[in-house]
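Notes for the structure review
One letter stands for each residue in the lines below.
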Amino acid sequence: MAISTLAAAAGSNIDHWEQRIDLACAFRWAARWNMHESVANHFSIAVNEDGSQFLVNPRGRHFSRMRASDLILTDANDPSVMERPDAPDPSAWALHGGIHRRVPHARVILHVHSKYATALACLKDPTLQPVENNTMRFYERIAYDLGFQGMGLGDEAERVAGLAGDKPVLLLGNHGLMIMGPDVAQAVDDLYHFERACETYITALQTGQELSVVSHAVAATTAQQWLDYPDLTENHFKALKEILDEEEPDYRD
Ligand SMILES: [Zn+2]
């Protein structure tokens, strides 16, 4: 029996095993894409209907080494999990838990300080203009938080959840970004394409030349074409898992 199959057999005794594997895959690829920040930042997935229970990464484990069994099952109504030595930061626990409970489409939340999205978040006007395919994918699908007040303030969850609306991306001004999705495959695909969109946009700005911004109609049509594209996120995520299965299958442990 292959190592990964053995691990899966052992892990089948742990709840939410498929979600654990998917989220571990997301961590590994965020590291491969150089979107990690030291051993900080958090990814989480809600595992009950009202979002009060969710899996999140433990404190101190690098994204590149995350395994399915490492993820901590937390319960917003049971703060005792925060007494574990590897408990997530209290601010992350409060923020992710608060958003899972308040934003219905945020079953999965990925928070990073990736280079180009964060560069965009540093601009006085961080509006991502529709200038090519990837930027158009997010046309009218980004919420902006321009009220940065420092790290982990008390009422952040309520404030941030209120801003998110039904958007998959929340650009956190002076900070980074948050991707919210119905499942890990969708969230990872949005994370990848949003960072690519920001990379292209920031690079185009750096030329100092005038941007060729398309019309509302073209941008809206293209955004809808992205949404209608068949099996896009599923195929992407399947390919990402296949690569890990071959090159670092211990993410499934
Ligand atoms: Zn952050």
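In what follows, the accompanying structure is described. In this text the structure is predicted, and so the values were computed from the model without any measurement.

Thoughts on the overall build of the chain
Within the chain one finds 9 helices and 7 strands. Scaling as 2.2 N^0.38, a compact globule of 253 residues should have a C-alpha radius of gyration of about 18 Å, and the chain matches this with 18 Å. For the chain, the C-alpha atoms occupy an extent of roughly 55 × 45 × 30 Å along the three principal directions. By the burial criterion, 47% of the 253 residues in the chain qualify as buried. Considering only intrachain contacts with a sequence separation of at least 6, the fraction spanning at least 24 residues in the chain is 69%. For the chain, the exposed area adds up to about 12200 Å²; of that, 49% sits on carbon and sulfur atoms.

Focus: the coordination of the zinc ion
All of the protein donors around the zinc ion are His 111 (NE2), His 113 (NE2) and His 175 (NE2); their distances to the metal are 2.0 to 2.1 Å. Each donor residue of the zinc ion lies on the same chain, and together they follow the pattern H-x1-H-x61-H. A residue pair is termed long-range when its members are at least 10 positions apart, and His 111 in strand S4 (residues 108-112) and His 175 in the loop between strand S6 (169-172) and strand S7 (176-181) qualify at 64 residues. A relative accessible area of 9% means that His 111 is categorised as buried. We classify His 175 as partly exposed; its relative accessible area is 26%.

Some words on the environment of Phe 43
With respect to the secondary-structure elements, Phe 43 resides in strand S1 (residues 42-46). Exposure remark for Phe 43: the relative accessible area of 0% places this residue in the buried category.

Considerations on the layout of surface pockets
Looking at the second largest pocket, its volume works out to about 240 Å³. In this structure, the second largest pocket is lined by Trp 33, Asn 34, Met 35, Ser 114, Lys 115, Tyr 116, Tyr 192, Glu 195, Arg 196 and Glu 199.

Focus: the sheet that holds strand S5 (residues 142-145)
Reading across the sheet, the 7 strands line up as S3-S2-S1-S4-S7-S6-S5 and stay open at both edges, with mixed pairing between neighbours. Two strands close off the open sheet at either side, each with one partner strand: strand S3 (72-75) and S5. In this sheet, neighbouring strand axes are inclined to one another by 20° on average, regardless of whether the strands run parallel or antiparallel. In the sheet, S5 pairs with S6 via 4 bridges, with the strands oriented parallel. For Ala 143, the partnering residue across the bridge sits in S6 and is Leu 170. Lying over the sheet, helix H3 (residues 90-102) contacts S1, strand S2 (53-56), S3, S4 and S7, oriented at roughly 35° with respect to S1.

Looking at the pattern of salt bridges
For the coordinates displayed, the defined rule picks out 14 salt bridges. Its salt-bridge partner being Glu 248, residue Arg 28 comes within 2.6 Å of it at the nearest N-O pair. Of this pair, Arg 28 sits in helix H2 (residues 17-32) while Glu 248 is found in the segment after helix H9 (232-247), placing the two residues 220 residues apart along the sequence. Taking the relative accessible area as the measure of exposure, Arg 28 reaches 3% and is therefore buried. For Glu 248, a relative accessible area of 17% puts it in the buried group. Within this structure, Arg 28, Arg 32, Glu 247, Glu 248 and Asp 250 form a network of salt bridges that share partners.

Here we look at the packing of aromatic side chains
For any pair of aromatic rings, geometry is given as the distance between the ring centres together with the angle between the planes. Under the counting rule described, the total for this entry stands at 6 aromatic pairs. Note on Phe 27 and Phe 43: the rings are 4.6 Å apart at their centroids and 20° apart in plane angle, and the pair reads as stacked. Here Phe 43 lies in strand S1 and Phe 27 lies in helix H2, a separation of 16 residues in the sequence. When the ring of Trp 29 is compared with that of Trp 33, the centres are 5.5 Å apart and the planes differ by 45°; the resulting orientation is tilted. Joined through ring pairs, the aromatic side chains of Phe 27, Phe 43 and Phe 63 make up one cluster. For the cation-ring pair, Arg 32 lies above Trp 29, with the distance from its terminal atom to the ring centre recorded as 4.8 Å.

Focus on the environment of His 193
Relative to the helices and strands, His 193 resides in helix H7 (residues 184-206). Note on His 193: relative accessible area 10%, which makes it buried. Considered as a pair, His 193 and Leu 177 are 16 residues apart in the sequence and their alpha carbons are 13 Å apart.

Scoring rules and cut-offs
Residues numbered from 1 in each chain as written. Predicted model: local features only at pLDDT ≥ 70, side-chain atom pairs only at ≥ 80, totals over all residues. Heavy atoms only, no water. Helix = DSSP H or I, 4+ residues; strand = E, 2+ residues; numbered from the N terminus. Rg over C-alpha atoms; globule rule 2.2 N^0.38 Å. Buried < 20%, exposed > 50% of the residue type's maximum accessible area, 1.4 Å probe, protein only. Contact = heavy atoms within 4.5 Å. Areas by Shrake-Rupley, 256 points an atom, 1.4 Å probe, with all protein chains shown as cover. Donors = N, O, S within 2.8 Å, 3.2 Å for Na, K, Ca; no water. 1 Å grid on protein atoms, 1.4 Å probe; cavity = no way out; pocket = protein on both sides within 12 Å on 5 of 7 lines; lining within 4 Å. Points joined across faces, edges and corners; volume = space filled by probe spheres on them. Pairing = 2+ DSSP bridges. Axes fitted to C-alpha atoms, helices over the stretch in contact; angles between N-to-C directions. Salt bridge = Lys/Arg side-chain N within 4 Å of Asp/Glu carboxyl O. Phe/Tyr/Trp six-rings, centres within 6.5 Å; stacked < 30°, edge-to-face > 60°. Lys NZ or Arg CZ within 6 Å of the ring centre and 35° of its normal.

Nothing here speaks to function; it is geometry throughout.
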